[in-house]
Amino acid sequence: LKRYFKIFLIYLTRTSHENLQSTEQSRETELVTNFMELLDKNFKEKKMVAEYAAQLLVTPNYLNRIVKKITGSSAGHQIRQRIVLEAKRMGRYSDAGMKEIAYNLGFFDSAHFSRFFKTFGGVNFTEFKRGALIVPFYAAFNRA
(Lines give C-alpha, C1' and ligand atoms only; values in the text may rest on other atoms or scores of the structure.)
Protein backbone atom coordinates (compact mmCIF):
# COMPACT_ATOMS: atom_id res chain seq x y z
CA LEU A 1 0.00 0.00 0.00
CA LYS A 2 2.90 2.31 0.81
CA ARG A 3 4.47 1.74 -2.63
CA TYR A 4 1.18 2.40 -4.43
CA PHE A 5 0.81 5.64 -2.50
CA LYS A 6 4.36 6.68 -3.48
CA ILE A 7 3.63 5.93 -7.17
CA PHE A 8 0.43 7.94 -6.92
CA LEU A 9 2.33 10.92 -5.44
CA ILE A 10 4.93 10.74 -8.22
CA TYR A 11 2.14 10.70 -10.80
CA LEU A 12 0.47 13.76 -9.21
CA THR A 13 3.76 15.63 -9.09
CA ARG A 14 4.44 15.00 -12.78
CA THR A 15 0.96 16.02 -13.95
CA SER A 16 0.93 19.18 -11.83
CA HIS A 17 4.37 20.14 -13.17
CA GLU A 18 3.18 19.66 -16.79
CA ASN A 19 0.05 21.72 -16.12
CA LEU A 20 2.13 24.48 -14.55
CA GLN A 21 4.43 24.62 -17.58
CA SER A 22 1.55 24.77 -20.06
CA THR A 23 -0.14 27.50 -18.01
CA GLU A 24 3.09 29.50 -17.93
CA GLN A 25 3.59 29.10 -21.70
CA SER A 26 0.02 30.16 -22.46
CA ARG A 27 0.46 33.23 -20.21
CA GLU A 28 3.66 34.16 -22.04
CA THR A 29 2.03 33.67 -25.43
CA GLU A 30 -0.93 35.79 -24.34
CA LEU A 31 1.45 38.51 -23.13
CA VAL A 32 3.28 38.58 -26.47
CA THR A 33 -0.01 38.63 -28.38
CA ASN A 34 -1.23 41.55 -26.28
CA PHE A 35 2.08 43.35 -26.81
CA MET A 36 1.86 42.92 -30.59
CA GLU A 37 -1.73 44.21 -30.61
CA LEU A 38 -0.74 47.25 -28.54
CA LEU A 39 2.23 47.79 -30.83
CA ASP A 40 0.03 47.83 -33.93
CA LYS A 41 -2.28 50.40 -32.32
CA ASN A 42 0.29 52.66 -30.65
CA PHE A 43 3.60 52.48 -32.54
CA LYS A 44 3.29 56.09 -33.73
CA GLU A 45 3.01 57.48 -30.20
CA LYS A 46 4.85 54.95 -28.05
CA LYS A 47 8.38 54.04 -28.98
CA MET A 48 9.74 52.76 -25.66
CA VAL A 49 9.46 49.24 -24.24
CA ALA A 50 8.70 50.71 -20.80
CA GLU A 51 5.51 52.32 -22.13
CA TYR A 52 4.18 48.99 -23.37
CA ALA A 53 5.34 47.17 -20.24
CA ALA A 54 3.44 49.64 -18.05
CA GLN A 55 0.26 49.01 -20.03
CA LEU A 56 0.74 45.24 -19.72
CA LEU A 57 1.57 45.51 -16.00
CA VAL A 58 5.00 43.87 -16.31
CA THR A 59 8.56 45.15 -16.09
CA PRO A 60 10.38 46.17 -19.30
CA ASN A 61 13.05 43.49 -18.73
CA TYR A 62 10.41 40.77 -18.34
CA LEU A 63 8.58 41.93 -21.46
CA ASN A 64 11.83 41.94 -23.45
CA ARG A 65 12.75 38.47 -22.21
CA ILE A 66 9.36 36.93 -23.02
CA VAL A 67 9.05 38.61 -26.43
CA LYS A 68 12.56 37.44 -27.33
CA LYS A 69 11.76 33.92 -26.12
CA ILE A 70 8.60 33.70 -28.26
CA THR A 71 9.55 35.72 -31.37
CA GLY A 72 13.34 35.51 -31.42
CA SER A 73 13.89 39.27 -31.14
CA SER A 74 13.47 41.78 -28.33
CA ALA A 75 10.47 44.04 -27.78
CA GLY A 76 12.57 47.07 -28.71
CA HIS A 77 13.51 45.43 -32.00
CA GLN A 78 9.85 44.66 -32.68
CA ILE A 79 8.94 48.32 -32.07
CA ARG A 80 11.66 49.62 -34.38
CA GLN A 81 10.82 47.14 -37.12
CA ARG A 82 7.12 48.09 -36.95
CA ILE A 83 8.02 51.77 -37.39
CA VAL A 84 10.33 50.99 -40.32
CA LEU A 85 7.65 48.80 -41.92
CA GLU A 86 5.10 51.61 -41.72
CA ALA A 87 7.64 54.11 -43.08
CA LYS A 88 8.31 51.79 -46.02
CA ARG A 89 4.59 51.38 -46.66
CA MET A 90 4.03 55.11 -46.58
CA GLY A 91 7.09 55.72 -48.75
CA ARG A 92 6.06 53.19 -51.32
CA TYR A 93 2.30 53.73 -51.51
CA SER A 94 1.93 57.46 -50.97
CA ASP A 95 3.28 60.62 -52.53
CA ALA A 96 4.27 62.00 -49.12
CA GLY A 97 7.79 63.24 -48.64
CA MET A 98 10.20 62.21 -45.94
CA LYS A 99 9.31 65.14 -43.64
CA GLU A 100 5.60 64.36 -43.79
CA ILE A 101 6.15 60.64 -43.19
CA ALA A 102 8.50 61.40 -40.30
CA TYR A 103 5.92 63.68 -38.70
CA ASN A 104 3.12 61.11 -39.21
CA LEU A 105 5.24 58.50 -37.42
CA GLY A 106 5.89 60.74 -34.42
CA PHE A 107 9.33 62.09 -35.36
CA PHE A 108 9.60 65.85 -34.98
CA ASP A 109 13.03 66.04 -36.55
CA SER A 110 13.38 64.70 -40.09
CA ALA A 111 17.14 64.27 -39.63
CA HIS A 112 16.50 61.97 -36.68
CA PHE A 113 13.98 60.00 -38.74
CA SER A 114 16.49 59.75 -41.60
CA ARG A 115 19.18 58.33 -39.27
CA PHE A 116 16.63 55.98 -37.67
CA PHE A 117 15.47 54.69 -41.07
CA LYS A 118 19.03 54.22 -42.33
CA THR A 119 20.07 52.39 -39.16
CA PHE A 120 17.09 50.06 -38.85
CA GLY A 121 15.85 49.94 -42.44
CA GLY A 122 19.25 49.25 -43.93
CA VAL A 123 19.02 51.91 -46.63
CA ASN A 124 18.68 55.69 -46.83
CA PHE A 125 15.00 56.76 -47.05
CA THR A 126 15.62 58.81 -50.20
CA GLU A 127 17.28 55.83 -51.88
CA PHE A 128 14.44 53.58 -50.75
CA LYS A 129 11.85 56.00 -52.15
CA ARG A 130 13.78 56.32 -55.41
CA GLY A 131 14.17 52.53 -55.62
CA ALA A 132 10.48 52.05 -54.88
CA LEU A 133 9.64 54.18 -57.91
CA ILE A 134 12.22 52.61 -60.22
CA VAL A 135 11.44 48.94 -59.51
CA PRO A 136 7.80 48.96 -60.75
CA PHE A 137 8.82 50.99 -63.83
CA TYR A 138 11.71 48.64 -64.58
CA ALA A 139 9.49 45.59 -64.09
CA ALA A 140 6.88 47.03 -66.48
CA PHE A 141 9.59 47.94 -69.02
CA ASN A 142 11.07 44.43 -68.81
CA ARG A 143 7.73 42.75 -69.62
CA ALA A 144 7.20 44.76 -72.81
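Note that the structure is a prediction, hence the values are computed from the model and not measured.

## Let's talk about the overall build of the protein
Then comes step 1: Regarding its fold elements, the protein presents seven helices and zero strands.
Then comes step 2: Listing the helices and strands of the protein from first to last along the sequence gives α-α-α-α-α-α-α.
Then comes step 3: Among the 144 residues that make up the protein, the fraction classed as buried is 29%.
Then comes step 4: As presented, the protein carries roughly 10,200 Å² of accessible surface, and 58% of it is formed by carbon and sulfur atoms.

## Describing the side chain of Gln78
Then comes step 1: Mapped onto the secondary structure, Gln78 falls in helix 4 (residues 75-93).
Then comes step 2: A residue is classified by how much of its surface remains accessible, and Gln78, at 16% relative accessible area, is buried.
Then comes step 3: Here the side chain of Gln78 touches Thr71 through a polar contact of 3.3 Å, side chain to side chain.
Then comes step 4: Once residues lying within four places of it in the same chain are set aside, the contact partners of Gln78 are Phe35, Met36, Leu39, Val67, Thr71 and Ser73.

## Focus on the confidence of the model for the protein
Then comes step 1: The predicted model of the protein has a mean per-residue pLDDT of 85, with 85% of residues at 70 or higher.
Then comes step 2: No element of the protein has a lower mean pLDDT than helix 7 (residues 125-143), at 62, and none a higher one than helix 2 (residues 49-56), at 96.
Then comes step 3: Predicted confidence for residues 134-144 stays below pLDDT 50, and this span has zero contacts to residues more than four positions away or in other chains.

## Concerning a nonpolar patch on the surface
Then comes step 1: Together, Phe5, Phe8, Leu9, Tyr11 and Leu12 give the surface a local cluster of nonpolar side chains, amounting to about 520 Å² of exposed area.
Then comes step 2: With respect to the helices and strands, the residue Leu9 is situated in helix 1 (residues 2-42).

## Description of the packing of helix 2 against helix 3 (residues 60-71)
Then comes step 1: Interhelical geometry of helix 2 versus helix 3 gives an angle of 95° and a closest axis separation of 8 Å. When the axis of helix 2 is compared with that of helix 3, the two are roughly perpendicular. In contact with Val49, Ala50, Tyr52, Ala53 and Leu56 of helix 2, helix 3 contributes Pro60, Leu63 and Asn64.

## What to know about the pattern of salt bridges
Then comes step 1: Counted according to the given criterion, the structure contains four salt bridges.
Then comes step 2: We note a salt bridge from Lys69 to Glu28, for which the minimum N-O separation is 2.9 Å. Placement of the pair is Lys69 in helix 3 and Glu28 in helix 1, with a sequence separation of 41 residues.
Then comes step 3: When its relative accessible area of 55% is taken as the criterion, Lys69 is described as exposed.
Then comes step 4: Between Asp40 and Arg82 there is a salt bridge, with the nearest N and O atoms lying 2.9 Å from each other. Remark: Arg82 occurs in helix 4 and Asp40 occurs in helix 1; sequence separation between them is 42 residues.
Then comes step 5: With relative accessibility at 13%, the residue Arg82 sits in the buried group.

Parameters at a glance
Residues numbered from 1 in each chain as written. Predicted model: local features only at pLDDT ≥ 70, side-chain atom pairs only at ≥ 80, totals over all residues. Heavy atoms only, no water. Helix = DSSP H or I, 4+ residues; strand = E, 2+ residues; numbered from the N terminus. Buried < 20%, exposed > 50% of the residue type's maximum accessible area, 1.4 Å probe, protein only. Areas by Shrake-Rupley, 256 points an atom, 1.4 Å probe, with all protein chains shown as cover. Polar contact = N/O pair within 3.5 Å; in protein donor to acceptor, adjacent residues only side chain to side chain. Contact = heavy atoms within 4.5 Å. pLDDT = per-residue confidence, 0-100. Patch = residues over 30% accessible without salt bridge, like charges linked within 9 Å, V, L, I, M, F, W, Y side chains within 5 Å. Salt bridge = Lys/Arg side-chain N within 4 Å of Asp/Glu carboxyl O. Axes fitted to C-alpha atoms, helices over the stretch in contact; angles between N-to-C directions. Parallel < 35°, antiparallel > 145°, perpendicular 65-115°, else oblique.

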